[in-house]
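Understanding the architecture of this molecule
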Amino acid sequence: MSKFKDVVVTLSKKHPQTGEPAQAGHSFVIGTLGKKTGFYEIETEQLNKLKNEDLQQELFKLLHPQTHH
């Protein structure tokens with residue numbers, strides 16, 4: 001079973017699909033889990049306060065949504 005620690009985090013100033021530059025003061029956080037890739041945009045200032053683990057957990061939620069029964 002996948003865990004959030006399995007997510008590979010990459011930071012980019014360009015949109016991962018369109019190549020468009022991020023808004024001023026923003027970065028894209030890109031995560032890869034197996035063959036799945038997800039991303040979100042975040043303020044660079046906020047990003048500097050987070051640890052890699054925080055980013056992995058957030059991306060894991062995007063890439064591996066928990067199903068509720």
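Refer to the structure above for everything that follows.
Right, let's walk through the structure included here. (Residues numbered from 1 in each chain as written. Predicted model: local features only at pLDDT ≥ 70, side-chain atom pairs only at ≥ 80, totals over all residues. Heavy atoms only, no water.)

Here the focus is the side chain of His26. Take His26: it is sitting in strand 2 (residues 26-33). By relative accessible area, His26 is classed as buried at 18%. With near-sequence residues (within four places) excluded, His26 lies in contact with Lys13, Glu41, Ile42, Glu43 and Thr44. (Helix = DSSP H or I, 4+ residues; strand = E, 2+ residues; numbered from the N terminus. Buried < 20%, exposed > 50% of the residue type's maximum accessible area, 1.4 Å probe, protein only. Contact = heavy atoms within 4.5 Å.)

Between the first and last C-alpha of helix 2 (residues 52-63) there are 16 Å, a value that for twelve residues agrees with the 16 Å anticipated at 1.5 Å per step. For helix 2, the complete set of buried residues consists of Leu55, Gln56, Leu59, Phe60 and Leu63. Down the axis of helix 2, the sector holding all buried residues measures 135 degrees, keeping them to one side. In this structure, the buried residues of helix 2 make contact with strand 1 (8-12), strand 2, strand 3 (36-43) and helix 1 (44-47). (Expected span 1.5 Å × (residues − 1). Arc of directions from axis to C-beta.)

Turning next to the nonpolar core. If you look at the biggest cluster of nonpolar residues, it comprises ten residues: Val7, Val29, Leu33, Tyr40, Ile42, Leu47, Leu55, Leu59, Phe60 and Leu63. The set of elements that each furnish at least two residues to this core consists of strand 2, strand 3 and helix 2. Take this core: its biggest share by element is four residues, from helix 2. The contacts of Val7, once residues within four sequence positions are left out, are Gly31, Thr32, Leu33, Gln56, Leu59, Phe60 and Leu63. (Core = buried A, V, L, I, M, F, W, Y, C linked by side-chain atoms within 4.5 Å.)

Strand order in this open sheet of three strands is 1-2-3, and the pairing throughout is antiparallel. Two strands close off the open sheet at either side, each with one partner strand: strand 1 and strand 3. Ignoring strand direction, the axes of neighbouring strands in this sheet form an average angle of 25 degrees. In the sheet, strand 1 pairs with strand 2 via five bridges, with the strands oriented antiparallel. Opposite Val9, over in strand 2, you have Gly31 as the bridge partner. (Pairing = 2+ DSSP bridges. Axes fitted to C-alpha atoms, helices over the stretch in contact; angles between N-to-C directions.)

Keep in mind these values describe shape, not function.
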